[in-house]
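What follows is each chain in one-letter form.
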Amino acid sequence: MRREVVVAEGLVKRYTSYERKGIFRKEKKIVEALKGVSFTVLEGQVFGLLGPNGAGKTTTVKILSTLLIPDAGRASVYGYDVVREARNVRELIGVSLSVEKGFFWKLTGRENLTYFGMLYGLGGSELRNRVDTLLELVGLKELEAEDKLYEEYSLGMKARLSLARALLTDPPVLILDEPTLGLDPPSARMIRELLVELAHKHSKTVFVTTHNMFEAEMICDKVVIIDKGKVVAAGTVSELKRKVSDKVTVNFTFISPRPLRPNALSAGYPLSIDNEERGLPKLRVVVPASEVEDATARILRFLYDNGCSVRKIEVKEPTLEDVFILVTGRGGRK
Amino acid sequence: MRLVTLLKSGVVLDLYYFKNNRASFFGMLVYPYLMLGLILGAGFLFGSAEAFRRNVGLNVDPVLYFIASTVVAMASVSVMWEVGGNVMFLRWLGALPYVLLAPHRMSVVLVVSYIPRYVLFQLIQILEFLPLIMVLHGPIEALYRTAVIIVATMIGMLPLLGFSAIFAAVMLHLEEESNVLNWLNPLILLFSGAFYPVYLLPAWARAVSTMLPTTYTLELARIASLVSMPSMGAYVALFSILLGLTVLYNSLSLVLVGKSEEAVLRRGGIS
């Protein structure tokens, strides 16, 4: 049984802003960013908090990082309350709030890490070794960027350095707000792979926010989707996909000596055959997710028995994006 | 132990900064004479050497006082900018949240990590004037006068640190992004008697000046510039007042920065 590391219970946060109405008059506006958000993150898990812009992701991150006090509800890290025991929490977390800022421009990556390491209580050879290890781990050494000034860094390099700072004290929990936002594919991939490795090989608990569904699907063990300050879906990626549909589509592309008819296969599943005049024919079958392997085997045998040679098999299941659109009701152009 | 590391972090930050910005380092070296020249130029523009001599007192060496008060003015501006203005600077960089995540109170981080820079820079800048004072007073007396100015600026810094941290708390609370310090610093110097002797100021301004640490540091500088050797009693009285203000402002800053930090954390003002 894995330990509960991060627990949020009924988090509520309201922001007050003032809108100017004329020269002397200001109107008070209250925006409810979180309306009772709850979730639990287990040890060694990559946990994804998903949501559209303005859903409350950054507010949640700031509360967990002890940088924002909630109006109601509570949150804890390893049992320490993020408000009353903020200092204990700070010793257990590594935080990255933005990939594009937060460092001294006239210092190199190594110098920035050294300074923040000292600020966090590290020193001597321990700090030097840690900085070296981290520069290597996040790939800044490979890019020969460790001794370049921060002002010369690309966004990808800045993101890597931000992750390295979060890891400076080797904390058991990482809290990262959009760690791959705006990055080029190699940098984004490197960071994703590293996060999974940190969680699964080094038992770190990784809390990330993103609105990149592809990324969440790739790296997250558990996902919570929030919208307008409320949790609208929670579970593993496959659990969430089943909310959209428990059906999977399997496409077979094959070479056939003669045209096939759909009723030639009494599989008991809805299927269609597209005997294209140009290109190879395709057989499409929709089956329950739990029967994919069995159905695939049966159809392969059917095609083989009819003298067909299979060239490609594609399994298409609902994506996390489908789930996101379903639960948030935001589907782009209507 | 962590406080020592925090002190070292301040040294390291400055060393890195100057290593990568040599022009800035040379600018720091030239700054005292530029400041001296600027004040001298402005003085001759609006007054005369004779008027200045009369205003600072006939038993005060005007050149020495001029140097000493310049040093105190520079120290005051430096503390206010580096402690009070640092909150603003860190916010601009986006580094403020990461400083807050350090295992220290925010006021401690702001003040402690700045102390090495202050000590180092003040020493460098005061010692730059040593040759000039030696020419005026000979080596032995120059060393004594310089030592007094060094001690005055070091002790004078202690209450000013707390004073600046309170200002940092206000900046944090108000989410102030404009350069309030640009007009606050000259006001502090004016009320402290850096431009005109305090006795020439109106009564209400004199009342304000009694609460400012720089008033007493400037007075120390004036005593160090007396033609005749001053009595120990005068030094002891001024040091006592400065130590009292140290306790007052630093205690207040601990409370106010803590309160301000909490209010900002509640409002969501850390970014």
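Residues numbered from 1 in each chain as written. Chains lettered and ligands numbered in written order. Predicted model: local features only at pLDDT ≥ 70, side-chain atom pairs only at ≥ 80, totals over all residues. Heavy atoms only, no water.

*Asks:* Pulling in residues and values, what's your account of the overall build of chain B?
*Replies:* The helix and strand inventory of chain B stands at 13 helices and zero strands. Tracing chain B from N to C terminus, the helices and strands come up as α-α-α-α-α-α-α-α-α-α-α-α-α. Judged by the C-alpha coordinates and their principal axes, chain B covers about 55 × 45 × 35 Å. Out of the 271 residues belonging to chain B, those deemed buried represent 52%. Considering only residue pairs separated by 6 or more positions, chain B has 80% of its internal contacts joining residues 24 or more positions apart. On chain B, roughly 12000 Å² of surface is accessible, and the fraction owed to carbon and sulfur atoms is 74%. (Helix = DSSP H or I, 4+ residues; strand = E, 2+ residues; numbered from the N terminus. Buried < 20%, exposed > 50% of the residue type's maximum accessible area, 1.4 Å probe, protein only. Contact = heavy atoms within 4.5 Å. Areas by Shrake-Rupley, 256 points an atom, 1.4 Å probe, with all protein chains shown as cover.)

*Asks:* Hey, could you go over the interface of chain A and chain B for me, with residue numbers and the actual values?
*Replies:* Each partner contributes residues to the interface: chain A has 35 residues there, and chain B has 35 residues. Surface buried jointly by chain A and chain B totals about 3100 Å² across both partners, of which 65% is contributed by carbon and sulfur atoms. Considering only the surface of chain A that becomes buried against chain B, Leu67, Met118 and Leu119 of chain A emerge as the three largest contributors, covering 20% of it. Linking chain A to chain B there are one salt bridge. Salt-bridge contacts for Glu111 of chain A lead to Lys19 of chain B; the nearest nitrogen and oxygen are separated by 2.7 Å. Here chain A and chain B share nine residue pairs in polar contact (both at pLDDT 80 or more) between them. Broken down by element, the residue count for the side of chain A that touches chain B peaks at six residues, all from helix 3 (residues 109-119) of chain A. Class assignment for the residues of the side of chain A that touches chain B results in 18 nonpolar, eight polar and nine charged. (Buried area = accessible area lost by both parts, 1.4 Å probe. Salt bridge = Lys/Arg side-chain N within 4 Å of Asp/Glu carboxyl O. Polar contact = N/O pair within 3.5 Å; in protein donor to acceptor, adjacent residues only side chain to side chain. Nonpolar A, V, L, I, M, F, W, Y, C, P; charged D, E, K, R; others polar.)

*Asks:* Describe the pattern of salt bridges, listing the residues and the values that go with them.
*Replies:* Side chains bearing opposite charge may pair, as long as their charged atoms lie close to each other. In this structure the tally under the stated criterion is 21 salt bridges over all chains. Taking the shortest distance from any N to any O, the salt bridge between Asp81 of chain A and Arg84 of chain A comes out at 3.4 Å. A salt bridge links Glu141 of chain B to Arg145 of chain B; its shortest N-O distance comes to 2.6 Å. Remark: Arg145 of chain B and Glu141 of chain B occur in helix 9 (residues 139-174); sequence separation between them is four residues, near one turn of the helix. For Glu141 of chain B, a relative accessible area of 24% puts it in the partly exposed group.

*Asks:* Account for the pairing of strand 10 (residues 230-235) of chain A, naming residues and giving values.
*Replies:* All names here are of chain A. Examined bridge by bridge, strand 9 (residues 222-227) and strand 10 share five bridges and lie antiparallel to one another. Bridged to Ile225 within strand 10 is Ala233. Here strand 9 folds back onto strand 10, and the loop between the two strands holds two residues, one of which, Lys228, carries a positive phi near 50°. (Pairing = 2+ DSSP bridges.)

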